[in-house]
There are 2 protein chains.
Amino acid sequence: MTDRFAGGPGRRDLAILATALAVAPGLAAAQGADPLPSWRDGPRRRALLDFVAAVTREGGPEFVPPAGRVAVFDNDGTLWVEQPMYTQMIFVLDRIRTLAPQNPDWQRDPVFRAAIAGDMRGVAAGGTEGLMRLAGAAQTGNTPEEFQRIAAEWLATARDGKWNRPYTALVYQPMLEVLGLLRANGFTTFIVSGGGVEFVRAFAEETYGIPPQRVVGSSFALTPGERDGRIVLTREPRIDFIDDGPGKPVGIARHIGRRPIAAFGNSDGDYHMLRYTTEGAGRRLGMIVRHDDAEREFAYDRDSHIGRLARALDEAPARGWQVVSMRDDWSRVFPA
Amino acid sequence: MTDRFAGGPGRRDLAILATALAVAPGLAAAQGADPLPSWRDGPRRRALLDFVAAVTREGGPEFVPPAGRVAVFDNDGTLWVEQPMYTQMIFVLDRIRTLAPQNPDWQRDPVFRAAIAGDMRGVAAGGTEGLMRLAGAAQTGNTPEEFQRIAAEWLATARDGKWNRPYTALVYQPMLEVLGLLRANGFTTFIVSGGGVEFVRAFAEETYGIPPQRVVGSSFALTPGERDGRIVLTREPRIDFIDDGPGKPVGIARHIGRRPIAAFGNSDGDYHMLRYTTEGAGRRLGMIVRHDDAEREFAYDRDSHIGRLARALDEAPARGWQVVSMRDDWSRVFPA
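These notes cover the structure that comes with them. As the structure is a computational prediction, the values presented were derived from the model and not from experiment.

The rules behind these values
Residues numbered from 1 in each chain as written. Chains lettered and ligands numbered in written order. Predicted model: local features only at pLDDT ≥ 70, side-chain atom pairs only at ≥ 80, totals over all residues. Heavy atoms only, no water. Salt bridge = Lys/Arg side-chain N within 4 Å of Asp/Glu carboxyl O. Helix = DSSP H or I, 4+ residues; strand = E, 2+ residues; numbered from the N terminus. Axes fitted to C-alpha atoms, helices over the stretch in contact; angles between N-to-C directions. Parallel < 35°, antiparallel > 145°, perpendicular 65-115°, else oblique. Contact = heavy atoms within 4.5 Å. Nonpolar A, V, L, I, M, F, W, Y, C, P; charged D, E, K, R; others polar. Buried < 20%, exposed > 50% of the residue type's maximum accessible area, 1.4 Å probe, protein only. Pairing = 2+ DSSP bridges. Right-handed = clockwise from strand over helix to strand, strands pointing away. Phe/Tyr/Trp six-rings, centres within 6.5 Å; stacked < 30°, edge-to-face > 60°. Lys NZ or Arg CZ within 6 Å of the ring centre and 35° of its normal. Core = buried A, V, L, I, M, F, W, Y, C linked by side-chain atoms within 4.5 Å.

### What to know about the pattern of salt bridges
Tallied over the full model, the rule gives 50 salt bridges over all chains. Ionic pairing is found between Arg 319 of chain B and Glu 279 of chain B, a salt bridge with its closest N-O pair at 3.7 Å. Here the residue Arg 319 of chain B occupies a position in helix 12 (residues 311-319), and Glu 279 of chain B occupies one in the loop between helix 11 (271-278) and strand 6 (285-290), the gap between them amounting to 40 residues. Taken together, the salt bridges that share partners define one network made up of Glu 226 of chain A together with Arg 275, Glu 279, Arg 311, Glu 315 and Arg 319 of chain B.

See below:
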């Protein structure tokens, strides 16, 4: 402790330093440490930095007050890996196998039998209807709290087939940097995912720093009731909202209640969210992560069943959306 | 600028002062200005302060990290006046009268005719079904953004019948102080209202400092579509969620995704929310605003159609809920 603090800081000193501290993150970003170290210099990196500079420049023509700085992120394929299968689907299949011994009647259902045997062709033969039945059987009949515990435990132990790493390690380092850049500049960041809201909540806070109330997603119906004299909410095997495609603007309006000024996606499932965001008045940012890096991740777009990217890609130039090349724009893909 | 800042503050100085600033709000609340000046000393005021002290005391047995400090507030009758009629219902009836000239066919419907004539008995004769039709006709067919503009314009000009003040001035000063106390102590505050989510969002940010994404409420269905080459969401005259009674825990789980540790209500419509909150493990606070002040506001409880309070009142002692007497516990009711 030096002498000058012996009597404690004065009121004026505090005010001066409060100001210094308040602007410090912005200063650091603008003048000091690079906020986007995993982004190679180029149009996409510059688009990000220019957008943030424009909407935070007080008195500037494109200034947006902090309350309006809402940014939305798709999850699968935008923040973490979605190939060769959505992680939540891998979880569902694992869980069906785990629960199979307690559910001998499942063996009479060809889709369940295929899932238990690991026969993906047989699962696919059941179509969307079959998948939804598997998803319901694997994930419902519990409370949101119980389900999130189950999902979190699975995520803590499961490993992906390509890198043998936990799924929560297969997040895109450059996108973590975007989340950090936006937050350091007064943005509120939301996930708007086609995945189940409670599945994403099971890891979003620890993995992305996004708390449960800032996760929008698809959902099973919740039924209120009582158990042992306490209120319990039960997840029912009935989907009551699909937060994908045209559902994403609905989820945003319902949950966030304000049109975002920045949206990040990677597939046609994000097309409506990108439009809803960038059709608003004033400066906007729409950004698409394009998977063109077979070496470091995967390469897929218009012919993929998962994360199909065609219409959004075709319309990107006319709509002013930035298409990120994972291969060219990112110097690294995953955290160390 | 004194000499000691000539070179700018050093890293260590900043760290020391950052710590000082971080604890400053708590210090001010504990040692300086009274955070609850409109609360008379007594068990309710002490319950509030004790709760906040317990859950924020780092290392203490009841400490809750900031992320878990979620507090939920009912709106009608808890944050603002709900008698003699919910403000949103007054808005609906005003709007029906405003729109009547453009809708001559409404005159053929007895409930609409009664509403246009200001015949409340005739409106009541239509029952809940009639009210819902009026509510739908008055409030839908527009986008969430358009509707919020309409509601905000109405709130800016409408005056209540008893005090001749804007409805947004008829908020409870002691509850604004509770919102402030909780926020100063790292809480995230949400409204969980039986009212329409977009109606409450039209004033919650300016009136309570609660942004749209922290308002949970009842909702009309939203349909995505296109108009003039832009995505539009249309509010349909079909209610898709009722955030009242047993619906409140559902709304909380769906939207917030975390069980609150404090809940504030005033009627049996808040009973389930109070239970859901206080049945969680660890220190909890359930508080009921009881309207027993006919002189300064209104006096009503178990016999009231609006804001009926019976079951929650009867079970309050056994459940440890604090029942606030507006008359005795509040030194003032409204802001100056």
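### Digging into the packing of helix 10 (residues 247-255) of chain A against helix 11 (residues 271-278) of chain A
Residue and element names in this part refer to chain A. Packing of helix 10 against helix 11 brings their axes to within 7 Å, and their N-to-C directions diverge by 50 degrees. With respect to helix 11, the element helix 10 is oriented oblique. Judged by residue contacts, Lys 248, Pro 249, Ile 252 and Ala 253 of helix 10 engage His 272, Met 273 and Tyr 276 from helix 11. Here the residues of the contact of helix 10 with helix 11 sort into five nonpolar, one polar and one charged.

### Some words on the pairing of strand 6 of chain B
Residue and element names in this part refer to chain B. Counting buried positions over the six residues of strand 6 gives five, a clear majority of the element. Bridge analysis of strand 5 (residues 262-265) against strand 6 gives four bridges, and the strand direction is parallel. In the strand pairing of strand 6, Gly 265 is matched with Ile 288. Here four bridges tie strand 6 to strand 7 (residues 322-325), and the two strands are oriented parallel to one another. Note that in strand 7 the partner of Val 289 across the bridge is Val 324.

### Brief notes about the side chain of Asp 301 of chain B
Relative to the assigned elements, Asp 301 of chain B resides in the loop between strand 6 and helix 12. Ignoring anything within four residues of it in the chain, the contact list for Asp 301 of chain B reads Arg 290, Gly 307, Arg 308, Leu 309 and Leu 313 of chain B.

### Let's talk about the sheet that holds strand 7 of chain B
Residues and elements named next belong to chain B. Strands sit in the order 4-3-2-1-5-6-7 across an open sheet of seven strands; the sheet is mixed. Every interior strand has two partners, whereas the edge strands, strand 4 (230-241) and strand 7, have only one. For this sheet the average axis-to-axis angle between neighbouring strands, irrespective of direction, equals 30 degrees. Bridge analysis of strand 2 (residues 188-196) against strand 3 (residues 215-227) gives three bridges, and the strand direction is parallel. By the bridge assignment, Val 192 is partnered in strand 3 with Val 216.

### Re the pairing of strand 5 of chain B
Residue and element names in this part refer to chain B. A two-sided burial pattern is seen for strand 5, the buried positions comprising Ala 262 and Phe 264 on one face and Ala 263 and Gly 265 on the other. Pairing geometry for strand 1 (residues 70-73) and strand 5, over three bridges, is parallel. In the sheet register, Ala 71 faces strand 5, and the bridge partner there is Ala 262. Regarding the hand of the β-α-β motif, the stretch spanning strand 5, helix 11 and strand 6 is right-handed.

### Some thoughts on unusual backbone geometry
All names here are of chain A. For the peptide bond that leads from Gln 83 to Pro 84, omega is 0 degrees, which places it in the cis range. Mapped onto the elements, Pro 84 comes out in the loop between strand 1 (70-73) and helix 3 (87-99). Residue Asp 228 is not a glycine yet carries a positive backbone phi of 50 degrees. Residue position: Asp 228 is located in the loop between strand 3 (215-227) and strand 4 (230-241).

### A closer look at the packing of aromatic side chains
How two aromatic rings sit relative to each other is set out by the distance from centre to centre and by the angle between their planes. In this structure the tally under the stated criterion is 32 aromatic pairs over all chains. Both rings, one in Tyr 271 of chain A and one in Trp 321 of chain A, keep their centres 6.0 Å apart while their planes meet at 80 degrees; by these two values the pair is edge-to-face. One end of the pair, Tyr 271 of chain A, is in helix 11; the other, Trp 321 of chain A, is in the loop between helix 12 (311-319) and strand 8 (322-325), with 50 residues separating them in the sequence. Residue Trp 321 of chain A is classed as buried on the basis of its relative accessible area of 5%. For the ring pair Tyr 172 of chain B and Phe 334 of chain B, a centre distance of 6.1 Å and an interplane angle of 25 degrees mean the geometry is stacked. Here Tyr 172 of chain B, found in the loop between helix 7 (144-157) and helix 8 (173-184), pairs with Phe 334 of chain B, found in the segment after helix 13 (326-329); they are 162 residues apart in sequence, far enough to count as distant. With relative accessibility at 0%, the residue Tyr 172 of chain B sits in the buried group. Assessed through its relative accessible area of 9%, Phe 334 of chain B is described here as buried. Three or more aromatic residues link up through ring pairs in this structure, and these residues are Trp 80, Phe 91, Phe 147, Trp 154, Tyr 167, Phe 199, Phe 203 and Tyr 208 of chain A. Positioned above the aromatic ring of Phe 298 of chain A, the side-chain terminus of Lys 162 of chain A is 4.0 Å from the ring centre. The side chain of Arg 259 of chain B reaches across the aromatic face of Tyr 276 of chain B, ending 4.3 Å from its centre.

### Overview of the nonpolar core
By size, the foremost hydrophobic cluster in this structure holds 69 residues, and its most contacted members are Met 175, Tyr 208 and Phe 264 of chain A. Look past the residues within four positions of Met 175 of chain A in its chain and what remains in contact with it is Trp 39, Phe 73, Thr 78, Leu 79, Phe 264, Val 289 and Trp 330 of chain A. Val 111, Tyr 172, Leu 182 and Val 200 of chain B belong to the second largest nonpolar core, which has 68 residues in total.

Take it as geometry only, folks, not as evidence of what the structure does.
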